[in-house]
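Residues per chain, in single letters:
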Amino acid sequence: MRKALLLILLTFSLPLWVFSQSRTIRGTVTDSEEGLPIPGATVLVKGTTQGTTTDIDGNYEIEVLEGDNTLVFRFVGLRTQEINIGNRNAINVSLLPEITSLEEYVVTAYGDQTRREVTGAISSVKGEIFQDLPIQSFDRAMQGRVAGVQVTAGSGQPGGTLTVQIRGVGSINAGTQPLYIIDGVQVASGGLSGAGPQNALASINPNDIESIEVFKDAAAASIYGAQAANGVVLITTKRGKQGKTRVRVSAQEGIVQPLGFYDVMDASQLASIKRQAYINAGLNPQDAEAIFGSPSDTDIQNSDWVGALFRDGRMSVYDVSISGGDAGTQFFISGSHTHHQGQIIMSDYSRTTGRMNLSHRINEKFSINANLSLSRQITNGTIDRGNFVNSPFVAGYVSRPNVPIYNEDGTYAEYPSEHLFGYNIVQGVNQELRRGTSYQSVSNLQMTYQILPWLGFTSFGGVDFSDNRDENNRPSTIPAFAAYGGSSTFSDRRIVNSNANANFNINKKFNEIHSLSGILGYEYKGETSEANSATGRGFPNPVLRYLQNAAQPFAVGGFYTEYRRSGFFTQAKYDYDDKYTFDLTVRRDGSSRFGTNSRWGNFGAVSGGWRISSERFMENALWVDNLRVRASYGITGNSNIDNFESRTLVGSSGQYLGRGALRFVQLGNDLLTWEESLSTNLGVDGTFFNGRIIATVDVWRKDSRKLLFETQLPIDSGFGTITRNAGKLRNQGIDFDLQTTNLVIGKFRWSTAFNTSIFSNELLELYEGLDRVGNELIVGKPINFYYAYEYAGVNPANGAPMYYDENGEYTYLLADDDQKYIGSTLPWTYGGLSNTFSYGPVSLEVFFQYQYGNLAFNQDLYNMAQAGSIGQDNQTVDQLYYWRNPGDITNVPKPYEGGRFPGHSGYQQFSTKQISDGSYVRLKQVSLNYDLPKAILAKARIEEMNVFVQGLNLWTLTKYNGLDPEVNSLGDTYGTYPTARQITAGINVTF
Amino acid sequence: MRMEMKNSILFSSLLITLTVISCTDLETTPRQSLTPEVALNDVTGYQSIANSMYSRVSSFDYYGQVMMIAPEILADNLRLVANTGRYQGEEANGDRDHINLWNSNIYGGINDANLILQGIDDENVSGEQDFKDFIKGDAYFMRALFYFDLCRVYGYEPGMEVDGFNLGPILRLTPTLVASDADFRTRSTVEEVYEQIESDLLESLSLLQAVSIGSEGVYMGNAGAALTLLSRLYLYWGKNEEAETAATSAMNFLGLQTNGDGLLEPGQYVQGFSRAPHPESLFEVEVRLVDWTTVDGVNNSLNSLTSDNEPSAQFIIGASNELMEAYEAEDVRRDCWRETTREGIEGPVYASRKWTGYKGVFLENIPIIRAAELYLNRAEARFRNNNNQGAREDINALRSKRGLGPLDNVLSGQALLNRIMLERRLEFALEGHRFFDLKRNGMDISKHGEFLEVPYTDYRILSNVPLSQIQLNENLEQNPGY
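Residues numbered from 1 in each chain as written. Chains lettered and ligands numbered in written order. Predicted model: local features only at pLDDT ≥ 70, side-chain atom pairs only at ≥ 80, totals over all residues.

### Quick notes on the overall build of chain A
Point 1. A tally of regular secondary structure across chain A gives 12 helices and 51 strands.
Point 2. A compact globule built from 991 residues should have a C-alpha radius of gyration of about 30 Å, and chain A, at 32 Å, falls within 12% of that.
Point 3. C-alpha extents for chain A along the principal axes are approximately 115 × 65 × 65 Å.
Point 4. Counting across all 991 residues of chain A, residues that qualify as buried make up 49%.
Point 5. For chain A, the share of sequence-separated contacts (at least 6 apart) that also reach a separation of at least 24 residues comes to 69%. (Helix = DSSP H or I, 4+ residues; strand = E, 2+ residues; numbered from the N terminus. Rg over C-alpha atoms; globule rule 2.2 N^0.38 Å. Buried ≥ 20, exposed ≤ 12 C-beta atoms within 10 Å, placed from the backbone. Contact = placed C-beta atoms within 7 Å.)

Here it is as structure tokens:
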């Protein structure tokens, strides 16, 4: 449109120049990939309005005046090129494909703007990057792709939740997850189900996503003031485009495999180490043989518990979308179905989604947008995380190999009651039902009225609704549940989360060089969630599992909770000649979560940008396409705490003699208010060598203060904590993003995308002058670290485990003060590296993701690596290298039944023995894609068709002492569900 | 047509806007909790607080499990018969493997009691004074019990200090209502806390009702229970005359005869542990299935841990061989153990018939104070008061109800004390007395099997205060040796 206007203007002004002294330059414009002429390309004399377009054969002819020295060539989808004229009369140009991301539109808060204008730190991931990847949720797509965003899977359960941290960890007790906004709807992230991790964000089919924008600093995020302290992730789904109706169908099938297993002992190995443990402890080795069998018995029962629980799963993804429209109405309709088996038997995930995005322009002034989505997710979960005997990740490894899994008739064998509560894990996993089913809709309606050409009004309403049912059936066929005839628990949860806003927006340009835009609006958000659950026991037959069949109602439960938030916001942006940009945002928010007189908080940001490359002195630096510096400072808020955390609550606490009991469950704090995050960002964007190098560097600091801190109370007060605004925390770092086109040789092309973040996290201040809170928080240290005993190996003289005491001397008996600071759980750097090689229609992407510098804790070792000394747990094979004779140098102590040498601390100590380097580099993705030749496809009336093969999590380099350094970098690490390797092949057709 | 459309759109966007603007209300109400003003404006609110106090007693970190098992396995009455990792440290008296009561359950209970005692008499609290007094009596009684248990886990009994270390728990007598109430305090001496316990029990006596032994009244505080606890307190305190007096007055109004009448007959003894309430109970907490999660029964109940009458029970703890050998052949209390076998254990093992899960699926009430204690308390007090004759009479009275004949009537001195200690050991096996009885008498902790005796002067006699509390509160002193 703008080009057309320009041409009309040119036509009118042309006669004026006829009389000037001029010469004519001719040439042809071609496309660099196939060498074909480009008709309709724009050719302009730089710094003037003089220009022309190429004809059908790509030829042009243009008059230039003396003194004009540069021609600009432009065509949609190709890179604009500037050519020095010199003395030439013929200039042929071959235009490269568009590779710069700077011209792309990024979706920003409450309106679109081109990336050129953005003064905040925003990163985006385009939908095509993760299109057809076998991931279940879009948060996975950000992993390793965005500088400054650390994405960690909490579980390998298909469809599971992830932890996303933007620019460090900004709070100690309040939430640290970013605010997710899907098409304007502020959605609740986290888990939906109790049956297994089920990601609320997985209700959106990743293939429906046009782009993901991540707002990292205050300038970008502060328009969302409330909740923006942890950054904002904005998701925009695809919309129909005017033109021919396109139908896209894709399908893929593949397999899911465990990444690896612990190597556990067989029956005779376990029998031999246990026998030794009994002998060393002065016990009768016959007693050990009665339980574990004899190490010399060649016919000893040898069960493969792990083999009976793990499998190669199958997965399939089917996806169809139809999009198109005319000038007035555009639509995008899609549907998808995914089925994904886990690496554990009975663990699977399936999802069905439907979406309809409609845009309709009623007249010049009115337009309306509606996005409707509905999804169903079904997770058949398994116990994940925690030292539970019914978790396959715990019991699968520690179950005794000399106990049979099955009886001779194929029924499940009874497991000895003195170990693992007599629970046969294979039977348990097969027969216990743990299913979560969720229906969710994230939908919205938006209307825009253009009051004046420069003034618009938008009103928006959105809802994120989810309804979940969890079923847990423990049939009486499992001996542990037989005593009461089996049990069934049904839990139903409903979350209604709605937000609405109305805003006026202006956009005006004065004298061609002054642009002013702004927004003024109001927003409201409310969320209610409620749940009911009931358990029944005593089922007459294990097949029956609904509550009407229960002989005995056992327990009921439920909750209702809500919060509300509202805010006013305004933003003004001024741009001078595309050189200087200034941006001011102010927001005032109130939240029901805080004390009655301290509910409202003020947030805001200022930012500016300077495009150096548009300055006159840069004119001769032709290798610089674009160079811009940005700076921002602002304050955002965090209110991510429990809904009633500021109130003193008297809650029910069970019963006595059938009468309800009440107790003070929480001490209130009426002064509780917003946690604040002050962030500063300095950034540089640059594009060089005709777009061959695109780089972004951001240096940032984020200081969180007035933390919503669960400050400790002495337990003798009857309370453990009270939430107060206290403490200070600093995160700072550098985000670096580089995209290069390394080689273009004929049809061959190699490009690289690399991003990395270096950051540090430091607790600056606690409360009341404290410099530490127990061993959990220490001023001057990061907020997440390990504080443990330092293991000093095994004394070669006697086989006893030794530790370093507080003075660095060897000790057997640990005192409180011997624990020390070991190191941080946060990596100091993380990022990703992607290389794409293409040759004509074939392309290969190889993508690595990494993190470096964090320690990881593996609790599995408590059970499996204690020299066969405690209980009956099976051990890892490396425990066979235990101390035998004086002089033996080993890390595994002398087996000693009970694990307690008299006068020594017990074997199971939280020490550096379980802590290892959690750094890793992972070959996250390899995709091989082949586009079928268009000439062949045209005959079948197919527009595009490609086939692909891809693998996820193919290889990992790490020194971590457990199964998966990614999943185990968080929280409780007993029996975590590790990530899986996935290999799929698929096809994608567009009509 | 076009205009109409336009109007309807205008109308709708106006509607959305209005909806938005009308929703500025930030008022929310926690519908599943109450504010203190609402909860405590009448006496039934305080009754609910008292219910909370009682419901804490059966928690697994208190009398629901630990306070019954740990004091036995820390000494010589119990042994592990299956190695699951639980109580392994306690059996070996390992470093820091002791009882932890310094937690929010006990101190929360103390706060419940303080809340009642401070607030219930306020004139704005509606309700009958009689009802208020009854609840106050409960609060005094329970506060005494909580502090008594804290003292015996964390401190030496007065007069029995090792190296003069005389500290007990932190004493709080007013409720924590706002954060500033939760100040950092120092530990009081055991002596000071005992004085408070004495005063609380005396207060409770004036408020509580007398109920008969083994009646449903024992589910709450009552005069008999308060007097028995008082006699126990005096015994721990070395105030033997007072101990005797308290025991005697309790026995008098409870109708416990000097010949033992009032206790169960020998033939009823074992069955008594499967009755609700226990026929000899003076204080017992009632437990219902709803107090437990679905797996608590099998994971944590006394019945599951110590018995195998349910096939899915854990049965990890049985009587020590030394305990079994201590029973005389006719002693009916021996029948509280059933001989059985356990994989990996040579010879017979003994499963409990005291904790039988008689209410179904591992569930049962928990008797905390039984009438037999009065005879034992008085016998010991009389012995200390040089009344050997009286001491023997009390022991004989108890023995007659346990199927045993009288003691040698010249038994005196250390031999008599040992006999009294042995009767206590046998009577209260698996009821959480043994370790404390040895400790309060300054005796070394005798052990079973190969385990090493713990000398009375060893630091492991006292439990350790949780490290996190020591680090939080500079005024809080750790026990010696930790």
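Still more to cover.
### Looking at the interface of chain A and chain B
Point 1. Across the boundary between the two partners, chain A contributes 86 residues, which contact 87 residues of chain B.
Point 2. Grouping the amino acids of the side of chain A that touches chain B by side-chain chemistry returns 41 nonpolar, 34 polar and 11 charged.
Point 3. As judged from the 2 bridges shared by strand β30 (residues 649-656) of chain A and strand β1 (residues 33-34) of chain B, these two strands associate in the antiparallel manner. What sits directly across from A:Gly651, in β1(B), is B:Ser33. (Nonpolar A, V, L, I, M, F, W, Y, C, P; charged D, E, K, R; others polar. Pairing = 2+ DSSP bridges.)

### A few points about the packing of helix α3 (residues 43-57) of chain B against helix α6 (residues 104-119) of chain B
Residues and elements named next belong to chain B.
Point 1. One can describe the packing of α3 onto α6 by two numbers: an axis separation of 9 Å at closest approach and a directional angle of 155 degrees. In terms of orientation, α3 lies roughly antiparallel with respect to α6. As α3 packs across α6, the resulting crossing turns out to be left-handed. Contact residues: Tyr46, Ile49, Ala50, Ser52, Met53 and Arg56 in α3; Asn105, Gly108, Gly109, Asp112, Ala113, Leu115 and Ile116 in α6. (Axes fitted to C-alpha atoms, helices over the stretch in contact; angles between N-to-C directions. Parallel < 35°, antiparallel > 145°, perpendicular 65-115°, else oblique. Left-handed = near helix turned anticlockwise from the far one by under 90°.)

### Concerning the pairing of strand β3 (residues 281-285) of chain B
All names here are of chain B.
Point 1. Taking burial as the measure, the 5 residues of β3 include 5 buried ones, the bulk of the element.
Point 2. Across 4 bridges, the pairing between β3 and strand β7 (residues 366-370) is antiparallel. The residue bridging Phe283 from the neighbouring strand is Ile369, located in β7.

### Some words on the nonpolar core
Point 1. Within the largest apolar cluster, 139 residues are counted, with the highest numbers of intra-cluster contacts made by B:Ile116, B:Ala226, B:Leu229 and B:Leu233.
Point 2. Residue contributions to this core peak at 14 residues, all from helix α7 (residues 129-154) of chain B.
Point 3. In contact with B:Leu233, other than residues within four places in its own chain, are B:Phe148, B:Tyr194, B:Ile197, B:Glu198 and B:Leu201.
Point 4. Judged by nonpolar contacts, the second largest core, of 106 residues, contains A:Phe215, A:Ala480, A:Val892 and B:Val298. (Core = buried A, V, L, I, M, F, W, Y, C linked by C-beta atoms within 7 Å.)

### Focus on the sheet that holds strand β1 (residues 22-31) of chain A
Residues and elements named next belong to chain A.
Point 1. Reading across the sheet, the 3 strands line up as β4-β1-β7 and stay open at both edges, with mixed pairing between neighbours. The sheet is open, and its two borders are formed by β4 (59-65) and β7 (93-95), each paired with just one other strand. On average, each strand axis in the sheet is tilted by 35 degrees relative to the strand beside it, whichever way the strands run.
Point 2. With 7 bridges connecting them, β1 and β4 associate as antiparallel partners. When the sheet's bridge partners are listed, Arg23 is paired in β4 with Val64.

### Focus on α6(B)
All names here are of chain B.
Point 1. Between its terminal C-alpha atoms α6 stretches 21 Å, which fits the 22 Å expected from 16 residues at 1.5 Å a residue.
Point 2. Counting buried residues in α6 gives 12 out of 16 residues, a clear majority hidden from the surface.
Point 3. Along α6, the residues classified as buried are Ile106, Tyr107, Gly108, Gly109, Ile110, Asn111, Asp112, Ala113, Asn114, Leu115, Ile116 and Leu117. (Expected span 1.5 Å × (residues − 1).)

### What about the confidence of the model for chain A?
Point 1. Residues with a pLDDT of 70 or more make up 95% of chain A, whose mean pLDDT is 88.
Point 2. Counting contacts from residues 1-20 of chain A, a segment whose pLDDT is below 50, to residues more than four positions away or on other chains yields 12 contacts. (pLDDT = per-residue confidence, 0-100.)

### Brief notes about the confidence of the model for chain B
Should pLDDT be low for a region, the predicted coordinates there are not to be read in detail.
Point 1. Confidence along chain B averages 92 in pLDDT terms, with 95% of residues attaining 70 or more.
Point 2. As a predicted assembly, this complex carries a pTM of 0.82 together with an ipTM value of 0.91.

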